[in-house]
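Below, each chain spelled out in residue letters.
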Amino acid sequence: MSMDAARFPDRVGRTGKRGVVAAAVCAAALVLLPPATASAQNDDTPAIEDMPGDGEGKWIVQSWCSACHSLNIVKQQGMTRHRWDETLVWMVNKQGMPDLPDDARATVLDYLAEHFGPDHRPDATFGQPSSTGIGLQPLMPPQ
Amino acid sequence: MRKDRGLRELYEQDPIAADEAVFGRRTGPDRRGFLKGAGLAAMGLAIGGAIPFSRTMPAGLIPAALAESVEDFVIEGKNGLRVLNDKPVNAETPPHLLDDDVTPIAHYFIRNNGVPPESTSPQGWRLTVDGEVNETLNFAISELADRFEVVTLRLQHECGGNGRAGFNPPASGNQWTTGAIGNAEWTGVRMRDVLNAAGVKDSAIYTAHHGADSHLSGDPDKVPISRGVPIWKAMDPHTLIVWRMNGQDIHPMNGAPLRILCPGWPGSTSQKWLTRIQLRDVVHDGTKMSAPSYSVPYHSVQPGADVAEADFKIIESMPVKSLITSPRSGHHLPTGHRKLRVRGHAWSGDDVVTKMEVSYDFGATWVTADLHAPPNPYSWQRWEAELSFPTKGYYEIWARATNDRGEQQPFIPPWNPKGYLNNAMHRIAVMVPA
């Protein structure tokens with residue numbers, strides 16, 4: 001569920017398995033979640049696995065960068081470390097993100113540049129559409 | 001922060017203390033209660049770590065990391081959209097769902113910058129007109145309808161970043177392909193009539209639009225988006241303040257109960273959840289008015305180049321463009337069939353499309369399509385053509401529009417840092433089996 005979902009309870013929602021998971025965890029947020037919260041972990045495609053890599057960088061990005069928007073905006077990008085750096089500056093100067101401590105900032109930039117560099121063909125979680133219909137990409141998956 | 005301990009470790013041990021150590025701030029009393037109630041720690045367990053940054057996370061919300069997938073995301077009253085992001089909601093329309101002359105509400109794209117207002121009921125909604133006017137005015141929606149001529153127009157309305165996914169190197173932002181465009185039938189009043197009622201001062205050169213959505217961070221002092229247009233565009237009789245979409249209430253995600261529809265310009269000039277139009281004696285400097293937002297370099301630049309802020313200009317009219325809306329890409333003709341009718345729409349910002357062509361031989365030759373006049377200025381225009389394929393094989397259909405200034409859709413539009421104005425020719429694939 002998203003912030004919009006909370007504000008538009010009858011307009012935005014989720015269906016299917018993950019919807020159930022979200023609801024369970026949502027309730028737990030107000031009560032108490034049993035440790036090991038298997039529901040999130042045991043789901044076929046646990047959302048948390050959607051982010052590539054591991055380590056401190058991944059952890060910070062997952063928790064920090066999902067505070068205002070979902071990580072889908074992060075996962076859609078493919079940028080050099082330099083552009084990621086500029087994006088973080090913009091996030092701090094214009095969007096009110098508290099600056100990360102220096103070492104954490106470097107860790108985050110390393111993570112983002114490694115997993116969401118310019119070679120990462122951006123898309124949402126569906127995987128790349130067979131074609132954007134614009135530009136030079138093949139229209140059908142090459143055989 | 002102490003260097004010998006990682007951020008994660010700090011937060012795992014004590015999120016409240018960590019928050020204080022890292023940001024030098026104390027968690028507010030309301031938040032503190034929430035944290036103590038184990039909500040945060042419990043959620044932290046679920047995502048494999050505690051949640052820093054709880055200040056901006058409204059109580060009771062699960063972190064987005066727990067609900068990342070957009071595949072099963074449903075928006076009531078919408079269907080068939082490709083969801084790019086669930087928070088804020090951003091979703092585009094596949095080309096084949098844009099085949100109607102009037103885009104159905106269910107298929108109309110969504111571009112949100114922040115959190116929509118809690119209530120989108122027209123009851124009690126007010127619009128203020130102020131700034132460089134003789135008299136500040138304030139209207140209920142029903143008063144707008146009573147006082148000014150009510151008009152209904154079909155208007156093309158496209159996000160400035162439509163096509164961003166086609167740029168290389170990739171440009172940052174939502175990766176729209178071709179679907180951040182719609183052409184609905186909008187009902188409302190002319191912005192010009194409303195501004196004239198307030199009395200436009202000579203000093204007014206630009207509008208500033210304000211909406212009721214709130215910033216993603218939850219900070220009430222921050223504004224998700226506030227853009228405007230030069231006064232001449234605001235005074236154009238096709239720039240409307242609207243409350244009906246296709247004869248129905250506007251969808252909440254499309255700006256109900258009141259929005260601007262400033263056709264032919266980046267969608268962001270058509271403020272949603274409209275509460276105030278302010279006239280200004282300077283170019284508006286609201287959120288997302290300054291470069292690089294909704295701006296492109298004055299001169300074309302090498303792909304990937306850094307561009308100085310002073311070298312950007314604000315986007316005005318959108319470029320000439322078209323879409324093939326039928327058939328759907330990947331279409332297979334039945335065996336023995338060699339003929340195919342193709343159709344779509346063409347539009348061109350402030351201008352009119354005067355020629356539409358399609359090619360099935362990778363641009364070597366072009367067939368002129370039938371192009372309809374727009375039902376009213378600023379509507380997109382229907383085009384259609386019949387093609388005969390000479391042999392069996394894999395074909396691509398390419399479409400290109402030309403406007404009354406002689407501007408034509410390019411193969412590859414100029415790269416720009418934020419990936420705006422991609423009006424490359426649209427292509428679809430067709431298989432002719434025999």
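Just so you know, these numbers come straight off a predicted model, no measurement behind them.

Things to note about the confidence of the model for chain A
In low-pLDDT regions, the fine details of the predicted coordinates are not to be read closely. Residue and element names in this part refer to chain A. In this model, chain A carries an average pLDDT of 64, and 52% of its residues clear a pLDDT of 70 or more. Note on residues 1-49: pLDDT is under 50 here. Beyond four places in sequence and across chains, it has 99 contacts. Considering only residues more than four positions removed or in separate chains, one finds that residues 124-130, a stretch of pLDDT under 50, has 21 contacts.

Details of the sheet that holds strand β5 (residues 126-131) of chain B
Residue and element names in this part refer to chain B. One open sheet accounts for 4 strands, arranged β6-β5-β13-β9; its pairing is mixed. The open sheet has two edge strands, β6 (137-140) and β9 (206-211), and neither has a second partner. For this sheet, the mean inter-axis angle between neighbouring strands, taken without regard to orientation, is 15°. As judged from the 4 bridges shared by β5 and strand β13 (residues 274-280), these two strands associate in the parallel manner. Looking at the pairing, V129 lines up with I277 of β13.

Quick look at the packing of helix α6 (residues 81-93) of chain A against helix α7 (residues 102-115) of chain A
Residues and elements named next belong to chain A. Put simply, α6 and α7 touch, their axes get as near as 9 Å, and they point 130° apart. Judged by the angle between their axes, α6 and α7 are oblique. For the pair α6 and α7, the crossing hand works out as right-handed. Facing α6, whose interface residues are R81, W84, D85, L88 and V89, α7 presents R105, A106, V108, L109, D110, L112 and A113.

A look at the pairing of strand β3 (residues 89-92) of chain B
Residue and element names in this part refer to chain B. Residues V89 and A91 point to one face of β3 and N90 and E92 to the other, with burial holding for every one of them. Of the pairings in the sheet, the one linking strand β2 (residues 82-86) to β3 comprises 4 bridges and is antiparallel in character. Each residue of the ladder has a partner; that of R82, found in β3, is E92. Taking the residues between adjacent antiparallel strands as the criterion, β2 and β3 are bridged by 2 residues. Summarising the sheet, β3 and strand β4 (residues 110-111) pair through 2 bridges and their orientation is antiparallel. By the bridge assignment, A91 is partnered in β4 with I110.

Some points on the domain arrangement of chain B
All names here are of chain B. The domain architecture assigned to chain B consists of domain 1 (7-76), domain 2 (126-314) and domain 3 (321-432). Here domain 2 and domain 3 have C-alpha centroids that lie 28 Å from each other. Interface of domain 2 and domain 3: buried area, both sides summed, is about 2600 Å²; carbon and sulfur atoms make up 59% of it. By the criterion of area lost to domain 3, the three top residues of domain 2 are R154, Q156 and F167, representing 22% of everything that side buries. Linking domain 2 with domain 3 are 2 salt bridges.

Thoughts on α7(A)
Residues and elements named next belong to chain A. Between the first and last C-alpha of α7 there are 20 Å, a value that for 14 residues agrees with the 20 Å anticipated at 1.5 Å per step. Inspection of α7 places A104, R105, V108, L109, Y111 and L112 among the buried residues, and these make up the whole buried set. With its buried residues spanning 165° around the axis, α7 presents them on a single face. In α7, the exposed residues that point more than 90 degrees away from the buried face are D102 and E114.

Description of the UniProt feature "domain: Moybdenum cofactor oxidoreductase dimerisation" (unreviewed entry) in chain B
Within this numbering scheme, the UniProt entry marks residues 314-431 of chain B as carrying the feature "domain: Moybdenum cofactor oxidoreductase dimerisation" (unreviewed entry). Overall, residues 314-431 of chain B shows 0% helix and 47% strand. The separation of its end C-alpha atoms is 42 Å.

Describing empty space enclosed by the protein
The rolling of a water-molecule-sized probe over the atoms marks out the regions of remaining empty space. Residues and elements named next belong to chain B. Going through the model one piece at a time under the given rule, you end up with 3 cavities of 30 Å³ or more. One number sums up the size of the largest cavity: a volume of about 230 Å³. Looking at the largest cavity, it is lined by 19 residues, and the ones nearest its centre are R111, R259, G267, S268 and K272. Taken together, the residues of the lining of the largest cavity break down into 7 nonpolar, 8 polar and 4 charged.

Considering unusual backbone geometry
Residues and elements named next belong to chain B. Put simply, A256 and P257 share a cis peptide bond, and its omega is 5°. Looking at where P257 falls in the secondary structure, it is placed in the loop between β11 (248-249) and β12 (259-261). Residue P292 is reached from A291 by a cis peptide bond, and omega for that bond is 5°. Among the structural elements, P292 can be located in the loop between β13 and β14 (295-297). Of note, Y378 is a non-glycine position whose phi angle comes to about 75°, a positive value. Y378 gets classed as buried once you look at its relative accessible area, which sits at 11%.

Some remarks on the state of the cysteines
On inspection of all chains with the given rule, the structure shows 0 disulfides over all chains. Cysteine B:C262 remains unbridged, with the sulfur of B:C159 as its closest cysteine sulfur at 14 Å.

Considerations on the nonpolar core
Residues and elements named next belong to chain B. Among the nonpolar cores identified, the biggest contains 28 residues, and L127, V129, L144, V194, I241, L258 and I277 are the most heavily contacted of them. Where this core is concerned, the elements lending two or more residues are β5, β6, α5 (141-147), α6 (191-198), α7 (231-234), β10 (240-245) and β13. Take this core: its biggest share by element is 4 residues, from α6. The residues touching L258, leaving out its near neighbours within four places in the chain, are W125, L127, I141, L144, I241, V242, W243, K272, W273 and L274. Counting 22 residues, the second largest nonpolar core, distinct from the first, contains L333, F389, Y395 and A399.

Observations concerning the sheet that holds β3(B)
What the 3 strands build is an open sheet, ordered β2-β3-β4 (chain B); its pairing is antiparallel. What marks the edges here is a single partner per strand, and that holds for β2 and β4 of chain B.

Looking at the packing of aromatic side chains
All names here are of chain B. For the structure shown, the criterion picks out 13 aromatic pairs over all chains. Relative to W176, the ring of F109 lies with its centre 6.4 Å away and its plane at 85°, an arrangement referred to as edge-to-face. Of the two residues, F109 is situated in the loop between β3 and β4 and W176 in the loop between β7 (150-158) and β8 (181-190); the sequence distance between them amounts to 67 residues. Note on accessibility: F109 and W176 belong to one class, buried. For the pair F362 and W398, a centre-to-centre distance of 6.1 Å together with 85° between the ring planes defines the contact as edge-to-face. One end of the pair, F362, is in the loop between β19 (353-359) and β20 (367-368); the other, W398, is in strand β23 (residues 393-403), with 36 residues separating them in the sequence. Taking relative accessible area as the criterion, W398 reaches 12% and is therefore assigned buried. Members of the aromatic cluster, each reached through a chain of ring pairs, are Y108, F109, W176 and W186. When the ring centre of W366 is taken as reference, the NZ or CZ atom of R400 above it lies at 3.8 Å.

Parameters at a glance
- Residues numbered from 1 in each chain as written.
- Chains lettered and ligands numbered in written order.
- Predicted model: local features only at pLDDT ≥ 70, side-chain atom pairs only at ≥ 80, totals over all residues.
- Heavy atoms only, no water.
- pLDDT = per-residue confidence, 0-100.
- Contact = heavy atoms within 4.5 Å.
- Pairing = 2+ DSSP bridges.
- Helix = DSSP H or I, 4+ residues; strand = E, 2+ residues; numbered from the N terminus.
- Axes fitted to C-alpha atoms, helices over the stretch in contact; angles between N-to-C directions.
- Parallel < 35°, antiparallel > 145°, perpendicular 65-115°, else oblique.
- Left-handed = near helix turned anticlockwise from the far one by under 90°.
- Buried < 20%, exposed > 50% of the residue type's maximum accessible area, 1.4 Å probe, protein only.
- Domains from an automatic or database assignment.
- Buried area = accessible area lost by both parts, 1.4 Å probe.
- Salt bridge = Lys/Arg side-chain N within 4 Å of Asp/Glu carboxyl O.
- Expected span 1.5 Å × (residues − 1).
- Arc of directions from axis to C-beta.
- UniProt positions renumbered as here; feature names shortened; annotations may be inferred.
- 1 Å grid on protein atoms, 1.4 Å probe; cavity = no way out; pocket = protein on both sides within 12 Å on 5 of 7 lines; lining within 4 Å.
- Points joined across faces, edges and corners; volume = space filled by probe spheres on them.
- Nonpolar A, V, L, I, M, F, W, Y, C, P; charged D, E, K, R; others polar.
- Disulfide = S-S within 2.5 Å.
- Core = buried A, V, L, I, M, F, W, Y, C linked by side-chain atoms within 4.5 Å.
- Phe/Tyr/Trp six-rings, centres within 6.5 Å; stacked < 30°, edge-to-face > 60°.
- Lys NZ or Arg CZ within 6 Å of the ring centre and 35° of its normal.

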